[in-house]
Amino acid sequence: MTELDPVIHAQARLRVVASLSALPDCDQVTFPRLQEVLGMTAGNLSVHLRRLEEAGYVAVTKTHRGRTPVTLIALTRRGRLAFEEYTEAIRALLAPADVKETP
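A quick note: this is a predicted structure, and the numbers were derived from the prediction, not measured.

1. As for helix H4 (residues 42–54)
(1) Moving on: With 13 residues, H4 extends 18 Å between its outermost C-alpha atoms, agreeing within 8% with the 18 Å of an ideal straight helix rising 1.5 Å per residue.
(2) Moving on: Within H4 the residues assigned to the buried category are Leu45, His48, Leu49 and Leu52. Buried positions in H4, seen along its axis, are confined to an arc of 105° and lie on one side of it.
(3) Moving on: Where the residues of H4 are buried, they touch helix H1 (6–9), helix H2 (11–21), helix H3 (31–38), strand E2 (58–65) and strand E3 (68–75).
(4) Moving on: Glycine 56 sits one or two residues past H4 and shows a positive phi near 85°.

Put into structure tokens, the structure is as follows:
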């Protein structure tokens, strides 16, 4: 049986990675925009982003626009590959199995 990546498999993290994967390579989204899209609290999103960042799946960049602090989130190449492998594993699990009934 195909093994699913436990880092991505958690529902909230799967939603984060799926949303970020829709962005072009190297594109970033602000923390508030991602929070809005996902409908998550700031604390909950932060916890899941930290776990994804520890796994090397997302990059979190803190910067400033003028005097305003901005947090930017992006899916890393490693994260994009992990998500592609995850979706392939899901497809494999959902594919019809060649199961024969015993008489």
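Read on for the rest.
2. Some points on the pattern of salt bridges
(1) Moving on: Under the criterion given, the structure shown has 2 salt bridges.
(2) Moving on: Taking the shortest distance from any N to any O, the salt bridge between aspartate 25 and arginine 80 comes out at 2.6 Å. Placement of the pair is aspartate 25 in the loop between H2 and strand E1 (29–30) and arginine 80 in helix H5 (residues 77–94), with a sequence separation of 55 residues.
(3) Moving on: By relative accessible area, which is 47% here, aspartate 25 ends up partly exposed.
(4) Moving on: The salt bridge involving glutamate 36 is made with arginine 33; its shortest N-O contact spans 3.3 Å. Here arginine 33 and glutamate 36 lie together in helix H3, a separation of 3 residues that amounts to about one turn.

Criteria and thresholds
- Residues numbered from 1 in each chain as written.
- Predicted model: local features only at pLDDT ≥ 70, side-chain atom pairs only at ≥ 80, totals over all residues.
- Heavy atoms only, no water.
- Helix = DSSP H or I, 4+ residues; strand = E, 2+ residues; numbered from the N terminus.
- Expected span 1.5 Å × (residues − 1).
- Buried < 20%, exposed > 50% of the residue type's maximum accessible area, 1.4 Å probe, protein only.
- Arc of directions from axis to C-beta.
- Contact = heavy atoms within 4.5 Å.
- Salt bridge = Lys/Arg side-chain N within 4 Å of Asp/Glu carboxyl O.

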